[in-house]
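Per-entry structural report
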Amino acid sequence: MRIAQIAPLAESVPPTRYGGTERVVSWLTEELVQQGHDVTLFASGDSQTAAHLVPIVPRGLRLDNAVRDHNPYHLMMLDRVQRCARDFDVLHFHVDLLHYPIFRTLGTPFLTTLHGRLDLPDLHPFYRAFSDLPLISISNHQRKPMPPVNWVSTIYHGLPKTSLRQGDGNGGYLAFLGRISPEKGPEQAIEIAKRSGMKLKIAAKVDNADREYYETRIKYLLDHPLIEFIGEIGDDRKNEFLGNASALLFPICWPEPFGLVMIEAMASGTPVIAFNYGSVPEVMENGVTGFVVGNVDEAVAAAGKIGTLDRNAIRALFERRFSSERMAQNYLEVYNRLMAQPASSALAAE
């Protein structure tokens, strides 16, 4: 099958550090290549892939201080895809919504995986206007705010079984991995660690948009013997960081569409203590891969029980539910359904 994967340009594919969507695009692309498909990746020029790479910009736009607006570069990429669209059996977009007007009547089957939050009111008139186009959700909860649209399938993210090894958790610390922002719950993570009497290691980036929050709400909390702020880390350090942790804290307070770090922890055999928001109850298996809790008090109590969980069972559940092999197979089923439809008809929603 000739497949085009169209990635965001903010980060390389895969990203060198933070970047959930680009990381998932990489895992999917490499798995499809491994399964024998002819895959072309439209992405930044510093991407690393076994697929055919079509570089749109020299490097991920977040690393280019001269770039202020990403949209012109994404429109350049869409023009490039449009000019060679007929070379592919299917086009798979990961860039939200800019491509809809261009590709709606082009004829080549295409679908879009929505990776972000969908509870923003400005999105809803747009999706009502393009309600026939096939969409993939990354959790069932992600769909809830949307008007009626053509949901084709929910496909959970998956990562290669070999990307993270199971760790023993002997580091004796709690881990927080991701981004410093209010919705990710770093304040709550710090409180949980202090009340549990356990060391907390924070591996997280601080975006410019969250710089004031970090300076005014987080920085002073880091001056504590139980708290260690590591900063942003890449994949080369993630296995050690997660594998040695007693548990990952995921105290979110927003409608998380998926939460990639949860399955990264599972791949490391590390239990997750997560607040019950968004996709958490879909991704987690309470009492097996960790504990789904409602507040800080419950999280503190859960921290005292993490030793009762079986890290082998956590790893086994990851392999069964969240491998890149399973993710790719689910997407291939959708690709085949799309290709079987007449060019003039939309793929029927599930």
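Thresholds, definitions, all that
- Residues numbered from 1 in each chain as written.
- Predicted model: local features only at pLDDT ≥ 70, side-chain atom pairs only at ≥ 80, totals over all residues.
- Heavy atoms only, no water.
- Salt bridge = Lys/Arg side-chain N within 4 Å of Asp/Glu carboxyl O.
- Helix = DSSP H or I, 4+ residues; strand = E, 2+ residues; numbered from the N terminus.
- Buried < 20%, exposed > 50% of the residue type's maximum accessible area, 1.4 Å probe, protein only.
- Pairing = 2+ DSSP bridges.
- Axes fitted to C-alpha atoms, helices over the stretch in contact; angles between N-to-C directions.
- Contact = heavy atoms within 4.5 Å.

1. Observations concerning the pattern of salt bridges
Here the structure, examined in full by the defined rule, presents 20 salt bridges. Among the salt bridges present, the one from Arg179 reaches Asp210, with a minimum N-O distance of 3.7 Å. Of this pair, Arg179 sits in strand S8 (residues 173-179) while Asp210 sits in the loop between strand S9 (199-205) and helix H6 (211-218), and the two are 31 residues apart along the sequence. A salt bridge links Lys238 to Glu264, with the shortest nitrogen-to-oxygen separation between them at 3.1 Å. With Lys238 in helix H7 (residues 235-243) and Glu264 in helix H8 (residues 260-267), this residue pair connects regions lying 26 residues apart in the sequence. The exposure class of Glu264 is buried, given its relative accessible area of 4%.

2. Considering the sheet that holds strand S13 (residues 290-293)
In a beta sheet, neighbouring strands pair by backbone hydrogen bonds and run either parallel or antiparallel. The strand order across the open sheet formed by six strands is S10-S9-S8-S11-S12-S13, and the pairing between neighbours is parallel. Since the sheet does not close on itself, it has two edges, and those belong to strand S10 (227-229) and S13, each with one partner. Recorded for the sheet is a direction-independent mean angle of 20 degrees between the axes of neighbouring strands. Relative to S13, strand S12 (residues 272-275) is paired through four bridges, and the arrangement is parallel. Across the sheet, Val272 pairs through a bridge with Gly290, a residue of S13. Packing of H7 onto the sheet brings it into contact with S8, S9 and strand S11 (247-250), and relative to S8 it is tilted by some 145 degrees.

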